[in-house]
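Per-entry structural report
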Amino acid sequence: MPATDVLPGKRLSLADVEREAATVLDPVHADFFAGAAGDESTARANLAAFERIRLRPRVLRDVSARSLATSLLGRPNSMPVLLSPTAFHRLAHPAGEPATARAAEAAGVTMVVSMAATTRLEEVAAHTTRPWLQLYLQPDQDFTRHLVRRAGRAGYGALVVTVDSPVFGRRERDHRNGFHDLPGGLRCENLVDDAGVLRDIVMDAGLTWDAVARLRETTDLPILLKGVLHPDDARLAVEHGVDGLFVSNHGGRQLDGAIATADALPGVAAVVPQGFPLIVDGGVRRGIDVVRALALGATAVGIGRPVLWGLAAAGQDGVREVLELLRTELDEAMALCGARSPGELGPDVLAPHLSAPTGGTA
Ligand SMILES: Cc1cc2nc3c(=O)[nH]c(=O)nc-3n(C[C@H](O)[C@H](O)[C@H](O)COP(=O)(O)O)c2cc1C
Ligand SMILES: CCCCC(=O)C(=O)O
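Heads up: these notes are all about the structure in this document. As the structure is a prediction and not an experimental result, all values here were calculated from the model.

1. Some remarks on the site of ligand 1
Of all residues adjacent to ligand 1, which total 24 residues, the nearest are Pro85, Ser114, Thr162, Gly283 and Arg285. For ligand 1, an oxygen atom lies 2.7 Å from a polar atom in the side chain of Thr162. For ligand 1, a nitrogen atom lies 2.9 Å from a polar atom in the side chain of Lys226. Summarising the interface, the protein chains cover 98% of the accessible area of ligand 1, which totals 600 Å² for the free molecule. Where the shell around ligand 1 is concerned, the elements lending two or more residues are helix H2 (27-34) and helix H13 (305-337). At 3 residues, the largest contribution of residues to the shell around ligand 1 is made by H13. Of the residues assigned to the shell around ligand 1, the class counts are 8 nonpolar, 11 polar and 5 charged.

Right, dumping it as structure tokens:
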């Protein structure tokens, strides 16, 4: 056993990082990061659904040479893991989004920058290669277009349009704590317009597929929709020229009672074209969860809260550590499953009741 594995106090898993973050964060902010909508049943279901999936490893396959490398919308990624967009990184650590961006860069993975970042999108992009920008489409279409232009100029590689938020999920922890505003000095920097006026982010209940069609006509950047769970919506997305999907329930922060993402993934994977970029997020906490997601048809996974835990625990180094823990676990899990690369993981490694019938071989 490598000696480093037994050093006292060393963080061995994302759960260790989570515990450490809880000791340094203001409890109100810890609740904002951890919390979810309603009874938080979907947030728990995300974890449970991954845990339920049993694997059926292959043996004697020479897994001595392995590579986790993959490509997402033409950008090489060192592993099939990306940073899902989360708001307010300066609430987790004063170094904020730039620290997260540097960690993503060092790890060779894509960062999705939240529209609700506490740093201007241009500044975040200066620290990392081809990040993606998450957007809530605003009723003021000129403002959305303005953000899209800024993203293009700043070198963003894709737009991630969050579609699971016609209204803002009701997070009872935040109501109970009276957490409604960012503390002194922090603000959503991307919402400051040219005149220096800070806007609110509007959750637009009036959005329809027309808005996706309009956005498609406005920009050449790839567009992904985030928050798709229903196969029929996945089909509509493909018909509207969307370039990829996040199978996501917003970490349980929007519709409490929504299906767990690992449960929704196979239905979506079944209706999109082969090779269509499909990212799943919600409850990914272990390398083995990445294996499970890829086996169910995902191209890559996103992590939300673990990034904030790493940032809170140790800034840039903490985020890097979260990513390296996942990398180590994923590499080991792939080997144990008999796979040398992400591309070799498919329904074959799922326990029989989880995969489609294969004519008797199951
Ligand atoms: C504190 C917090 C802030 C978030 N902010 C955003 C956001 O600004 N935009 C967005 O599309 N999703 C946001 N999300 C959802 C994440 O992108 C992602 O879907 C979710 O966190 C994945 O679940 P996980 O936290 O279990 O990994 C946020 C999630 C959390 C926990
Ligand atoms: C206006 C901030 C949105 C953040 C968000 O999406 C979340 O907290 O889940």
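2. With respect to the pairing of strand S10 (residues 300-303)
What you see with S10 is no split at all: Ala300 and Gly302 on one side and Val301 and Ile303 on the other are buried throughout. Bridging between strand S3 (residues 81-83) and S10 involves 3 bridges; their strand directions are parallel. Bridge pairing in S10 links Val81 to Val301. Two elements, strand S9 (residues 278-281) and S10, share 3 bridges in a ladder whose sense is parallel. Bridged to Val280 within S10 is Val301. On the question of chirality, the crossover connecting S9 to the parallel S10 by way of helix H12 (residues 287-295) is right-handed.

3. Quick look at the site of ligand 2
Taken together, Phe32, Ala87, Ala116, Tyr136, Phe168, Arg171, Ile201, His250 and Arg253 are the residues near ligand 2. In this structure, Tyr136 approaches ligand 2 through a side-chain N or O atom, which is 2.5 Å from an oxygen atom. His250 places a side-chain nitrogen or oxygen 2.9 Å from an oxygen atom of ligand 2. Its free accessible area being 290 Å², ligand 2 has 86% of it covered by the protein chains. Among the residues making up the shell around ligand 2, the classes are represented as 6 nonpolar, 1 polar and 2 charged.

The rules behind the values
- Residue indices begin from 1 for each chain and proceed along its sequence in written order.
- Key to labels: chains lettered from A, ligands numbered from 1, both in the order written.
- Only residues with pLDDT of at least 70 get local features here, since the model is predicted, and only at 80 or more are side-chain atom pairs given and counted; chain-wide, interface and lining totals rely on the full set of residues.
- Side-chain descriptors were evaluated using all non-hydrogen atoms of the structure, hydrogens and water having been removed beforehand.
- Definition of nearness: a residue and a molecule or strand are near each other if at least one heavy atom of the residue lies within 4 Å of the molecule or strand.
- Any pair of N or O atoms that falls within 3.5 Å is considered a polar contact. Within protein, one atom must be able to donate a hydrogen and the other to accept it, and sequence-neighbouring residues count only if both atoms are side-chain atoms.
- All accessible-area figures derive from a Shrake-Rupley calculation using a 1.4 Å probe, and residue coverage is judged against the displayed protein chains alone.
- Helix and strand definitions follow DSSP, with helices as H or I runs of at least four residues and strands as E runs of at least two, each counted in order from the N terminus.
- For this scheme, ten residues count as nonpolar: Ala, Val, Leu, Ile, Met, Phe, Trp, Tyr, Cys and Pro. Four count as charged, namely Asp, Glu, Lys and Arg, and the remainder, Gly too, count as polar.
- Here's how the labels work: a residue is buried when its accessible area is under 20% of the maximum for its type, exposed when over 50%, partly exposed in between, all with a 1.4 Å probe on protein chains only.
- Strand pairing is assigned whenever DSSP identifies at least 2 bridges connecting the two strands.
- By convention a crossover is right-handed if, when the strands point away from the viewer, the path from the first strand over the helix to the second runs clockwise.

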